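Summary of the model geometry
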Amino acid sequence: MEKETGAYTGFAGVYDLFMKEIPYGKWYESVKKILESYGIEDGLVLELGCGTGTFTELLARGGYDMIGIDSSADMLEIAMEKKEKSGSDILYLQQDMREFELYGTVRAVVSVCDSMNYIGTEEELRQVFSLVNNYLDPGGIFLFDLKTPYYFREVMGDCVLAENQEEGSYIWENYYYEEEQVNEYDLTLFVREPSGLFQKYQETHYQKAYETENVFRLLKEAGLVPLTVCDAETKDTPEADSERIYIIARESGK
């Protein structure tokens, strides 16, 4: 048994299998449309929390010169395998979003699949935003999604999810702490090894629920200009029961 806290290790090998219902194609169409509405149709784009590179590959095929950053070596190993198969020119970097470094600026920074919810404090989130502002071209765009407090409280709550497939199985236990606005995921995995035997992994992940007004404040404190927020599904103004939102901000001068 292997215990790993907060890092996609055992889960990395079966992540795409269990997350196959994630609508990456739909997300891509939405993100590309938003970027194009701000005049960003090509050029350098950074994805924070790129994981196994599925979304990064879509953006690369859409005409962007992609850089992908993730802290998990195991996830990036799978992303590199996809890059080899596709022949893309994506640059992958194993870095923590809270202290990432680039060699120059980019036209846009994007982050999907609630990667920003993994930033556990306002101070750390402000630091991420400051780095984004630092590495954006003048007037560059920052687009990211967030799961909402409603989602963590009402949809996930204290529930248990499980799935069993030939390549592996998981038990996903959720605990939402209202006062701290933190959701804890206790993940138990059984992953089939090449020998045919199953290896057990246990991982614990934490996500933070952020109120939109606090996110806007942190963006401003980091030097970014919040532009808009919308429901990720409808693209309309978020409702009380919106589960995921997009927030868009602009670089406003270093």
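Residues numbered from 1 in each chain as written. Predicted model: local features only at pLDDT ≥ 70, side-chain atom pairs only at ≥ 80, totals over all residues. Heavy atoms only, no water.

Attention now moves to the sheet that holds strand 4 (residues 91-94). Pairing in this open sheet of seven strands is mixed, and the strands run 4-3-2-5-6-12-11 from one edge to the other. The outermost strands of the open sheet, each flanked by one partner alone, are strand 4 and strand 11 (224-231). Going from strand to strand, the sheet's axes swing by 20 degrees on average, the running direction of each strand aside. Strand contacts of helix 4 (residues 73-86): strand 3 (64-70) and strand 4, with the helix running at about 170 degrees to strand 4, the strand carrying the most contacts. (Pairing = 2+ DSSP bridges. Helix = DSSP H or I, 4+ residues; strand = E, 2+ residues; numbered from the N terminus. Axes fitted to C-alpha atoms, helices over the stretch in contact; angles between N-to-C directions. Contact = heavy atoms within 4.5 Å.)

There is a patch of nonpolar side chains on the surface, built from V160, I171, F190 and F198 and spanning about 340 Å² of accessible area. Mapped onto the elements, I171 comes out in strand 8 (residues 168-177). (Patch = residues over 30% accessible without salt bridge, like charges linked within 9 Å, V, L, I, M, F, W, Y side chains within 5 Å. Areas by Shrake-Rupley, 256 points an atom, 1.4 Å probe, with all protein chains shown as cover. Salt bridge = Lys/Arg side-chain N within 4 Å of Asp/Glu carboxyl O.)

A few words on the packing of helix 5 (residues 122-135) against helix 7 (residues 212-221). Where helix 5 contacts helix 7, the axes come no closer than 8 Å and their chain directions differ by 50 degrees. The angle between helix 5 and helix 7 falls in the class oblique. The two elements helix 5 and helix 7 cross, and the hand of that crossing is right-handed. For the pair formed by helix 5 and helix 7, the contact residues are E122, L125, R126 and F129 on the first element and N214, V215, R217, L218, L219 and E221 on the second. The residue inventory of the contact of helix 5 with helix 7, partitioned by class, reads five nonpolar, one polar and four charged. (Parallel < 35°, antiparallel > 145°, perpendicular 65-115°, else oblique. Left-handed = near helix turned anticlockwise from the far one by under 90°. Nonpolar A, V, L, I, M, F, W, Y, C, P; charged D, E, K, R; others polar.)

Now for helix 3 (residues 54-61). What sets the pattern is the α-helix's 3.6 residues per turn: residues three or four places apart point alike. Buried within helix 3 are the following residues: F55, T56, E57, L58 and L59. Contact partners of the buried residues in helix 3: helix 2 (24-37), strand 2 (43-48), strand 3, helix 4, strand 4 and strand 5 (106-111). Once helix 3 ends, the next one or two residues include G63, with phi positive near 105 degrees. (Buried < 20%, exposed > 50% of the residue type's maximum accessible area, 1.4 Å probe, protein only.)

In this section: the pairing of strand 4. Looking at chain direction, strand 3 and strand 4 are connected through four bridges and run parallel. Among the inter-strand pairings, G68 is bridged to a residue of strand 4, identified as Y92. As a crossover connection, the stretch from strand 3 through helix 4 into strand 4 is right-handed. (Right-handed = clockwise from strand over helix to strand, strands pointing away.)

With that settled, consider the pattern of salt bridges. Summed over all chains, the structure comprises 12 salt bridges. Between R107 and D42 there is a salt bridge whose closest N-O contact spans 3.0 Å. One end of the pair, R107, is in strand 5; the other, D42, is in the loop between helix 2 and strand 2, with 65 residues separating them in the sequence. Look at the salt bridges and you will find they share partners, linking D114, D145, K147 and R244 into a network.

For any part of a model where pLDDT is low, the fine detail of the predicted coordinates should not be relied upon. Mean pLDDT over the chain works out to 90, with 91% of the residues at or above the 70 mark. Per-residue pLDDT stays below 50 along residues 1-6; that stretch engages in 17 contacts with residues further than four places along the chain or on separate chains. (pLDDT = per-residue confidence, 0-100.)

This next bit is on the packing of aromatic side chains. Summed over all chains, the structure comprises eight aromatic pairs. Ring geometry for F152 and Y176: centres 6.2 Å apart, planes at 5 degrees, overall stacked. Of the two residues, F152 sits in helix 6 (residues 149-156) while Y176 sits in strand 8, which places them 24 residues apart along the sequence. For the pair shown, F152 and Y176 are each scored as buried. (Phe/Tyr/Trp six-rings, centres within 6.5 Å; stacked < 30°, edge-to-face > 60°.)

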